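Structural description and commentary
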Amino acid sequence: GESVGLHLPTLSVQEGDNSIINCAYSNSASDYFIWYKQESGKGPQFIIDIRSNMDKRQGQRVTVLLNKTVKHLSLQIAATQPGDSAVYFCAETWDQGAQKLVFGQGTRLTINP
Amino acid sequence: GAVVSQHPSRVICKSGTSVKIECRSLDFQATTMFWYRQFPKKSLMLMATSNEGSKATYEQGVEKDKFLINHASLTLSTLTVTSAHPEDSSFYICSARAQGINYGYTFGSGTRLTVV
């Protein structure tokens, strides 16, 4: 949903474990969602997306789940690797929203060796 | 794939001066570009949406006279921070939406602005 300026929550996992990052969005009219990965000092990098007519989508080592009833989105990363350490953001947009992409607060993922 | 080039990557300017940041779509035509601002350890906050040939639409609380946005062509949008002050120091990121590609958003690499 709209960024409210909160500090980033953090998630720390062991290398090789699975990670689940959660996101709550606020706009019930949102119909398209994207997960981004951002490394320090860089722009967001696309990971996976999902439309509102789906509840699950899988990519390589990543899965996105969408629960429109409770306006919740999650990103699952399988067998995490050191290179997965970054900040992860969900973003939403809606057809009547001038196509603008609104970011959630983000989660910092740290992979422990 | 779609590529967006943002320049400069870092800039330091003195208080009171203006600085321009460029955002170029290299291999596609972007009818819509977005400008974000990001403070340390915070999320990306949308500043404005610009459509080619039209005035930018600013988000609530963003000063349009402070942050001038020009989207003169389908491949270039610029953000000018006018009369910069230290509080304008931030990480600025642009995004371009590819024309003809449904919901394709591509981000630039960001510009670190430091006002001294």
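Cut-offs and rules
Residues numbered from 1 in each chain as written. Chains lettered and ligands numbered in written order. Predicted model: local features only at pLDDT ≥ 70, side-chain atom pairs only at ≥ 80, totals over all residues. Heavy atoms only, no water. Helix = DSSP H or I, 4+ residues; strand = E, 2+ residues; numbered from the N terminus. Rg over C-alpha atoms; globule rule 2.2 N^0.38 Å. Buried < 20%, exposed > 50% of the residue type's maximum accessible area, 1.4 Å probe, protein only. Contact = heavy atoms within 4.5 Å. Areas by Shrake-Rupley, 256 points an atom, 1.4 Å probe, with all protein chains shown as cover. Lys, Arg positive; Asp, Glu negative; His and termini not counted. Charge placed at Lys NZ, Arg CZ, Asp CG, Glu CD. Pairing = 2+ DSSP bridges. Axes fitted to C-alpha atoms, helices over the stretch in contact; angles between N-to-C directions. Buried area = accessible area lost by both parts, 1.4 Å probe. Salt bridge = Lys/Arg side-chain N within 4 Å of Asp/Glu carboxyl O. Polar contact = N/O pair within 3.5 Å; in protein donor to acceptor, adjacent residues only side chain to side chain. Nonpolar A, V, L, I, M, F, W, Y, C, P; charged D, E, K, R; others polar. Disulfide = S-S within 2.5 Å.

Attention now goes to the overall build of chain B. Counting its regular elements, chain B contains zero helices and eleven strands. Listed N to C, the secondary structure of chain B is β-β-β-β-β-β-β-β-β-β-β in terms of helices and strands. A compact globule built from 116 residues should have a C-alpha radius of gyration of about 13 Å, and chain B, at 13 Å, falls within 12% of that. The buried share among the 116 residues of chain B stands at 50%. Summarising the internal contacts of chain B: among those between residues at least 6 apart in sequence, 55% fall at separations of at least 24. Carbon and sulfur atoms make up 51% of the accessible area of chain B, which totals about 5,600 Å². If you average the places of the 12 positive and of the 8 negative side-chain charges in chain B, the two averages end up 6 Å apart.

Turning to the sheet that holds strand β7 (residues 67-73) of chain B, a few remarks are in order. Residues and elements named next belong to chain B. Ordered by their spatial adjacency, four strands build an open sheet running β1-β3-β8-β7, and the pairing between neighbours is antiparallel. On the outer flanks of this sheet lie β1 (4-7) and β7, each paired with one strand and no other. Strand after strand, the sheet turns through a mean of 15° between neighbouring axes, direction not considered. Note: β1 against strand β3 (residues 19-25), four bridges, orientation antiparallel. Paired with H7 across the strands is E22, a residue of β3.

At the junction of the two partners, chain A supplies 25 residues and chain B supplies 21 residues. Summed over both partners, the interface of chain A with chain B buries about 1,900 Å², with 54% contributed by carbon and sulfur atoms. Between the two partners, chain A and chain B, sit one salt bridge. A salt bridge links K100 of chain A to E59 of chain B, with the nearest nitrogen and oxygen atoms 3.0 Å apart. Viewed at the interface, chain B and chain A are joined by six residue pairs in polar contact (both at pLDDT 80 or more). For the side of chain A that touches chain B, the elements supplying multiple residues, two or more each, are β3 (32-38) and β8 (86-93) of chain A. Counting residues per element, the side of chain A that touches chain B draws most heavily on β3 of chain A, which supplies four residues. Among the residues forming the side of chain A that touches chain B, the class breakdown is ten nonpolar, ten polar and five charged.

All right, on to the environment of Q58 of chain A then. Note that Q58 of chain A resides in strand β5 (residues 56-58). If sequence neighbours within four positions are ignored, Q58 of chain A has contacts with I48 and T63 of chain A.

Residues and elements named next belong to chain A. Following the criterion strictly, the structure yields seven salt bridges over all chains and no others. One salt bridge connects R57 with D49, and the closest N-O pair in it is separated by 2.2 Å. A relative accessible area of 35% means that R57 is categorised as partly exposed. Given the relative accessible area of 13%, D49 is considered buried.

Right, let's get into the pairing of β3 of chain B. Residue and element names in this part refer to chain B. Judged by which residues are buried, β3 turns out to be one-sided: V19, I21, C23 and S25 face inward and are buried, whereas K20, E22 and R24, on the alternate face, are not. Across six bridges, β3 lies against strand β8 (residues 76-81) in antiparallel orientation. Pairing of I21 across the sheet is with L79, part of β8.

Taken as a whole and assessed by the stated rule, the structure comprises two disulfides over all chains. For C23 of chain A, the disulfide goes to C90 of chain A, at an S-S distance of 1.6 Å. With a gap of 67 residues between them, C23 of chain A in strand β2 (residues 19-24) and C90 of chain A in strand β8 connect regions that are remote in the sequence. As far as burial versus exposure is concerned, C23 of chain A and C90 of chain A are alike and both buried. The side chain of C23 of chain B participates in a disulfide bridge whose partner is C94 of chain B; the two sulfur atoms lie 2.0 Å from each other. Across the S-S bond of C23 of chain B and C94 of chain B the torsion is about 80°, and the bridge reads as right-handed. Within this pair, whereas C23 of chain B is found in strand β3, its partner C94 of chain B is found in strand β9 (residues 90-98), the two being separated by 71 residues in sequence. Both residues of the pair, C23 of chain B and C94 of chain B, belong to the buried class.

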